[in-house]
Amino acid sequence: MSIVILISGRGSNMQAIVEAGLPVTAVISNKPDAPGLAIASARGIPTSVVRDKDYGTREGFDAALAAEVARHAPTAVALAGFMRILTPRFVARYADRLVNIHPSLLPSFTGLKTHERALAAGVKVHGCTVHFVTPELDHGPIVAQAAVPVWTDDTPERLAARVLRQEHLLYPMALRWLLEGRLIVENGIVRVKDPNAHQAFFSDRP
Ligand code: GRF
């Protein structure tokens, strides 16, 4: 059982997955200067970079990335702040073991700047979602969600920090289910083969 994690930046979710004791065999970034690479290296995890800038087309980059991922023959591929939209070909290759974490309660607020948009919309509950990856951005079957309240004096930064704490709990849990073969997807709905599994979390910590 093994996980390959794809990152583009900070790598705090990657770090949470590693610190949860999950078997991470490689961390791959499309950005050579992603701070998460040093965090992984410091923990003895092999890292590599497949620079998107080195490829003229999305297909070319994705083929190179797929080849690099395939070297590790992972059980699961986890996108953790990976800021590239993958081609349908890549997604099809890893369909049932490719997951992402998104900082909103999907299907609300797909895409970027989710915390700003949540505040602007005046929602009272916000959160994060772990989902299977499909070719349509931020639209795959939902594995688990964590919700947090939106306070009246929130800023995007404070809200983001509150959601991020939940991301760091939610993602390792969902990945463990995936590795253990406990996730079943039927008609786009994900269920967990585990009577004690909770796919929804609520945190009211400030
Ligand atoms: C997280 O908020 C994640 O939900 C989103 O990008 C951010 C990545 O943060 N997809 P980090 O690199 O894991 O710290």
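Basis of the calculations
- Residues numbered from 1 in each chain as written.
- Predicted model: local features only at pLDDT ≥ 70, side-chain atom pairs only at ≥ 80, totals over all residues.
- Heavy atoms only, no water.
- Helix = DSSP H or I, 4+ residues; strand = E, 2+ residues; numbered from the N terminus.
- Phe/Tyr/Trp six-rings, centres within 6.5 Å; stacked < 30°, edge-to-face > 60°.
- Buried < 20%, exposed > 50% of the residue type's maximum accessible area, 1.4 Å probe, protein only.
- Lys NZ or Arg CZ within 6 Å of the ring centre and 35° of its normal.
- Near = heavy atom within 4 Å.
- Polar contact = N/O pair within 3.5 Å; in protein donor to acceptor, adjacent residues only side chain to side chain.
- Areas by Shrake-Rupley, 256 points an atom, 1.4 Å probe, with all protein chains shown as cover.
- Nonpolar A, V, L, I, M, F, W, Y, C, P; charged D, E, K, R; others polar.
- Domains from an automatic or database assignment.
- Axes fitted to C-alpha atoms, helices over the stretch in contact; angles between N-to-C directions.
- Parallel < 35°, antiparallel > 145°, perpendicular 65-115°, else oblique.
- Left-handed = near helix turned anticlockwise from the far one by under 90°.
- Contact = heavy atoms within 4.5 Å.
- Pairing = 2+ DSSP bridges.
- Buried area = accessible area lost by both parts, 1.4 Å probe.
- Salt bridge = Lys/Arg side-chain N within 4 Å of Asp/Glu carboxyl O.

**Digging into the environment of Leu-169**
Then, number 1: Relative to the assigned elements, Leu-169 resides in helix α6 (residues 156-179).
Then, number 2: In sequence terms Leu-169 and Ala-146 are 23 residues apart; their C-alpha atoms lie 8.9 Å from each other.

**Notes on the packing of aromatic side chains**
Then, number 1: Applying the stated rule across the entire model yields two aromatic pairs.
Then, number 2: Between Phe-90 and Tyr-94, the ring centres sit 5.3 Å apart and the planes meet at 45°, which makes this aromatic pair tilted.
Then, number 3: Looking at Tyr-94, the relative accessible area reads 3%, which means it is buried.
Then, number 4: Here the basic side chain of Arg-84 rests over the ring of Phe-61, its NZ or CZ set 4.5 Å away from the ring centre.

**With respect to the site of the ligand**
Then, number 1: In the vicinity of the ligand, the contacting residues are Arg-10, Gly-11, Ser-12, Asn-13, Gly-81, Ile-101, His-102, Pro-103 and Glu-167.
Then, number 2: The separation between an oxygen atom of the ligand and a polar main-chain atom of Asn-13 is 2.9 Å.
Then, number 3: For the ligand, the accessible surface in isolation is 370 Å², of which the surrounding protein chains cover 85%.
Then, number 4: The class makeup of the residues in the shell around the ligand is two nonpolar, five polar and two charged.
Then, number 5: Each of domain 1 (1-94) and domain 2 (101-206) accounts for three or more of the residues forming the shell around the ligand.

**Description of the packing of helix α1 (residues 12-19) against α6**
Then, number 1: Packing of α1 against α6 leaves a shortest axis separation of 9 Å and a crossing angle of 50°. On the basis of the axis angle, α1 is oblique to α6. For the crossing formed where α1 meets α6, the hand is right-handed. Along the contact surface, α1 presents Ser-12, Asn-13, Ala-16 and Ile-17, while α6 presents Leu-164, Glu-167, His-168, Tyr-171, Pro-172 and Leu-175.
Then, number 2: Partitioning the contact of α1 with α6 into residue classes produces six nonpolar, three polar and one charged.

**Here's the deal with the side chain of His-131**
Then, number 1: As for its placement among the helices and strands, His-131 is situated in strand β6 (residues 125-132).
Then, number 2: A relative accessible area of 2% places His-131 in the buried class.
Then, number 3: Residues within four places of His-131 in sequence aside, it is in contact with Leu-98, Val-99, Asn-100, His-102, Leu-106, Asp-138, His-139, Gly-140, Pro-141, Ile-142 and Val-143.

**Points about the sheet that holds strand β2 (residues 24-29)**
Then, number 1: On the basis of which strands lie adjacent, the open sheet formed by eight strands has the order β3-β2-β1-β4-β5-β6-β7-β10 and mixed pairing. Of all strands in the sheet, those bounded by a partner on one side alone are β3 (47-49) and β10 (200-202). With strand direction ignored, the average angle separating the axes of adjacent strands in the sheet is 20°.
Then, number 2: Two strands pair when backbone bridges link them, and strand β7 (residues 142-149) and β10 are joined in this way by three bridges, in the parallel orientation. Paired with Ala-147 across the bridge in β10 is Phe-202.
Then, number 3: Packed onto the sheet, α6 meets β1 (3-7), β4 (76-79), β5 (98-102), β6, β7 and β10 and runs at close to 155° relative to β7.

**Re the domain arrangement of the protein**
Then, number 1: Domain annotation of the protein identifies domain 1 (1-94) and domain 2 (101-206).
Then, number 2: Placing the centre of domain 1 and that of domain 2 at their C-alpha centroids yields a distance of 20 Å.
Then, number 3: Of the residues lining the interface, 20 residues belong to domain 1; the matching set on domain 2 comes to 16 residues.
Then, number 4: Around 1,500 Å² of area is buried between domain 1 and domain 2 when both sides are counted, 75% of it from carbon and sulfur atoms.
Then, number 5: The largest contributions to the domain 1 side of the interface with domain 2 come from Asn-13, Leu-22 and Val-91, which together make up 29% of the buried area.
Then, number 6: Applying the counting criterion to the domain 1 and domain 2 interface returns zero salt bridges.

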